[in-house]
Amino acid sequence: MKIDMSPQAISRRLAQAGALRKLCLSLARSSAGREIAVKHPDNKTVKRTSKALGL
């Protein structure tokens, strides 16, 4: 399988990655995300996400 490296394809992938990042951060701000942060405060991924959210 060949990866499309045209400028339009790269722009589309960057836009999709940005949208996915925003979605993930909004889910982390949800009540379920806050519950996970309380349950697992020592987890590296939870710490990194909390820091990204400014919590």
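About the criteria used
- Residues numbered from 1 in each chain as written.
- Predicted model: local features only at pLDDT ≥ 70, side-chain atom pairs only at ≥ 80, totals over all residues.
- Heavy atoms only, no water.
- Helix = DSSP H or I, 4+ residues; strand = E, 2+ residues; numbered from the N terminus.
- Expected span 1.5 Å × (residues − 1).
- Contact = heavy atoms within 4.5 Å.
- Salt bridge = Lys/Arg side-chain N within 4 Å of Asp/Glu carboxyl O.
- Buried < 20%, exposed > 50% of the residue type's maximum accessible area, 1.4 Å probe, protein only.

## Focus on helix H1 (residues 7-28)
Because each turn of an α-helix spans 3.6 residues, side chains separated by three or four positions end up pointing in the same direction.
Thinking step 1. With 22 residues, H1 extends 32 Å between its outermost C-alpha atoms, agreeing within 8% with the 32 Å of an ideal straight helix rising 1.5 Å per residue.
Thinking step 2. Contacts made by the buried residues of H1 are with helix H2 (31-39) and helix H3 (44-53).

## Notes on the pattern of salt bridges
Thinking step 1. Summed over all chains, the structure comprises 1 salt bridge.
Thinking step 2. Here Lys-39 ties to Glu-35 by a salt bridge, and the two come within 3.4 Å at their closest N and O atoms. Of this pair, Lys-39 and Glu-35 both sit in helix H2, 4 residues apart, which is roughly one turn of the helix.
Thinking step 3. With relative accessibility at 57%, the residue Lys-39 sits in the exposed group.

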